[in-house]
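# Observations on the model geometry
Now for the letters of each chain:
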Amino acid sequence: MSAENLQPRPFKQCHVLIVDDQDTSRLVTEEVLCNEVICSSLSTANNIVEECHKHRPDLILMDVDMPGVTGFDACKNLNDDEALRHIPVIFVTASVSDEDQCNCWACGCVDFIPKPINATTLWNRVRTHLSNVVKTELLEKLIYIDRLTGAYSRHYYEDHLPAVERHAKRTQSPVSFVLFDIDHFKQYNDHYGHQQGDKCLRDVALLAKGSLSRPLDKLIRLGGEEFLVVLPETDHEGAVHVADHLRQTIYEAAIPHKPVALQRVTVSAGVATMTSGSRMSSDSTIALADEQLYRAKDKGRNAVAAHRPDN
């Protein structure tokens, strides 16, 4: 992992979601923050869970009294979702009674800001909570990122895969796994040396990460030249597409590998999906992906093989 990745993410790369049914309040809040952070906004909280799954904000500024889903209900919905409960919510509200403040804390917010908004107070509260977000993110990088490749480590796999499985079963959504490794990697090391072999691992990991299109898709280095891609909310067809796109991306990079017939680095991949109605566990599904990886090798390498789920 490069030295620049060990620095906290700058605020200008942080995403703040503003949720308020009053146009004026949203505009004022965006005006205060737009030069410091990335801002987006919603006029209701009705679809906030879907919005957060799609765009993953770092911080939410939310009104309490809104038509449809209230700020209190939205905050509770976010806290009930294991994949979203880490996102801090600051209530921006004209309700400042003791009872309202107690309700704010009880439903899981991290802070509240009274209306009318004071620009200095708003930015300082936002800055404080974003500082906590980026420091936590940096700590997780130090714990969970493989230093050689920049992919997530096996430690991340062991700690976070149970949560991925729980989310899939609770939401009745599929989760797919792509297990891949570098073809003829021992020959690569024997020919080019281990230092160049390490560079090859870094290059392949960078290409693999670049081929993934969603923040929730995770690349994990299991060990040696073997990697796992975790694809939440992805069905069989989607996973096969991701796997083949990854394979093609690495093939087209044409990293030299003279000892083999294609004279370039390639990968083989196995795909398996845990469907909403399946009784499979994530571990047993990954075991199926491992079987498919061997099938891909038997097909001649630089290939993808997939286990088609029964339902």
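What counts as what
- Residues numbered from 1 in each chain as written.
- Predicted model: local features only at pLDDT ≥ 70, side-chain atom pairs only at ≥ 80, totals over all residues.
- Heavy atoms only, no water.
- pLDDT = per-residue confidence, 0-100.
- Helix = DSSP H or I, 4+ residues; strand = E, 2+ residues; numbered from the N terminus.
- Buried < 20%, exposed > 50% of the residue type's maximum accessible area, 1.4 Å probe, protein only.
- Axes fitted to C-alpha atoms, helices over the stretch in contact; angles between N-to-C directions.
- Parallel < 35°, antiparallel > 145°, perpendicular 65-115°, else oblique.
- Left-handed = near helix turned anticlockwise from the far one by under 90°.
- Contact = heavy atoms within 4.5 Å.
- Nonpolar A, V, L, I, M, F, W, Y, C, P; charged D, E, K, R; others polar.
- Pairing = 2+ DSSP bridges.
- Right-handed = clockwise from strand over helix to strand, strands pointing away.
- Phe/Tyr/Trp six-rings, centres within 6.5 Å; stacked < 30°, edge-to-face > 60°.
- Lys NZ or Arg CZ within 6 Å of the ring centre and 35° of its normal.
- Patch = residues over 30% accessible without salt bridge, like charges linked within 9 Å, V, L, I, M, F, W, Y side chains within 5 Å.
- Areas by Shrake-Rupley, 256 points an atom, 1.4 Å probe, with all protein chains shown as cover.
- Salt bridge = Lys/Arg side-chain N within 4 Å of Asp/Glu carboxyl O.
- Core = buried A, V, L, I, M, F, W, Y, C linked by side-chain atoms within 4.5 Å.
- Arc of directions from axis to C-beta.

## Re the confidence of the model for the protein
Residues of the protein with pLDDT of at least 70 account for 97%, and the chain-wide mean is 92. Ranking the elements of the protein by mean pLDDT puts helix α4 (residues 98–106) last with 83 and strand β3 (residues 59–62) first with 98.

## As for the environment of Cys102
With respect to the helices and strands, the residue Cys102 is situated in helix α4. Relative accessible area serves as the criterion here: at 51%, Cys102 is assigned to the exposed category. When the C-alpha positions of Cys102 and Ala306 are compared, they lie 52 Å apart, and in sequence the two are 204 residues distant.

## Here we look at the packing of helix α1 (residues 23–33) against helix α5 (residues 119–144)
Angle between the axes and distance between the axes are the two parameters that describe a pair of packed helices. With their axes 10 Å apart at the nearest point, α1 and α5 run at an angle of 65° to one another. Taken together, the axes of α1 and α5 lie roughly perpendicular to each other. In the crossing of α1 with α5, the sense of the turn from one axis to the other is right-handed. Contacts between α1 and α5 involve Thr29, Val32 and Leu33 from the former and Ala119, Leu122, Trp123 and Val126 from the latter. Its residues placed into classes, the contact of α1 with α5 shows 6 nonpolar, 1 polar and no charged.

## Let's talk about the pairing of strand β4 (residues 89–93)
Taken across its 5 residues, β4 has 5 buried, putting it largely inside the fold. Here β4 shows two buried faces, one formed by Val89, Phe91 and Thr93 and the other by Ile90 and Val92. Here β3 runs beside β4; their pairing, made up of 3 bridges, is parallel. Looking at β4, one finds that Ile60 is bridged to Val89. Regarding topology, helix α3 (residues 71–80) serves as the crossover connection from β3 to the parallel β4, and that connection is right-handed.

## Observations concerning the packing of aromatic side chains
Evaluation of the coordinates by the stated rule reveals 8 aromatic pairs. Ring geometry for Phe180 against Phe227: centres 5.3 Å apart, planes inclined by 15°, an arrangement best described as stacked. Of this pair, Phe180 sits in strand β6 (residues 175–182) while Phe227 sits in strand β8 (residues 226–232), and the two are 47 residues apart along the sequence. In terms of burial, Phe180 and Phe227 fall into one category: buried. Residue placement shows Arg264 over the ring face of Tyr251; its charged tip is 4.2 Å from the ring centre.

## Let's talk about a nonpolar patch on the surface
A cluster of nonpolar residues, Leu139, Leu142 and Ile143, forms a patch on the protein surface that exposes about 260 Å² of accessible area. Here Ile143 is to be found in helix α5. Given the relative accessible area of 41%, Ile143 is considered partly exposed.

## Looking at the sheet that holds β3
Strand order in the open sheet formed by 5 strands is β2-β1-β3-β4-β5, and the pairing between neighbours is parallel. Two strands lie at the open edges of the sheet, namely β2 (38–42) and β5 (111–114), each paired on one side alone. Going across the sheet, the axis of each strand differs from the next one's by a mean of 20°, ignoring polarity. Note that β4 and β5 share 4 bridges and pair parallel. Bridging across to β5, Val92 finds its partner in Ile113. Along the sheet face, helix α2 (residues 48–55) touches β1 (15–19), β2 and β3 and points at about 165° away from the line of β1.

## Here we look at the packing of helix α7 (residues 185–192) against helix α8 (residues 194–210)
The geometry of α7 relative to α8 is characterised by a closest axis approach of 7 Å and an angle of 135° between their N-to-C directions. Judged by the angle between their axes, α7 and α8 are oblique. Of the residues in α8, those in contact with Phe185, Tyr188, Asn189 and Tyr192 of α7 are His194, Gln196, Gly197, Cys200 and Leu201. Taken together, the residues of the contact of α7 with α8 sort by class into 5 nonpolar, 4 polar and no charged.

## Some words on the nonpolar core
Within the largest apolar cluster, 27 residues are counted, with the highest numbers of intra-cluster contacts made by Phe180, Ile182, Val204, Leu219, Val229 and Val265. Those residues in contact with Ile182, other than ones at most four positions away along the chain, are Cys200, Leu201, Val204, Glu225, Val265, Thr266, Val267 and Lys297. Counting residues in each nonpolar core, the second largest holds 22 residues, with Leu42, Ala45, Val64 and Ala74 among its members.

## Some remarks on the pattern of salt bridges
Taken as a whole and assessed by the stated rule, the structure comprises 18 salt bridges. A salt bridge links Arg125 to Asp111, with the nearest nitrogen and oxygen atoms 3.4 Å apart. In this pair, Arg125 is assigned in helix α5 and Asp111 in strand β5, connecting sequence segments 14 residues apart. Overall, the relative accessible area of 13% leaves Asp111 in the buried class.

## Details of α2
Turning to α2, its buried residues are Ile48, Cys52 and His53. All buried residues of α2 fall inside an arc of 135° around its axis, so they share one side. Looking at the buried positions of α2, the neighbouring elements they touch are β1, β2, β3, α3 and α6 (154–171). Downstream of α2 by one or two residues, Arg56 has phi in the positive range, about 50°.

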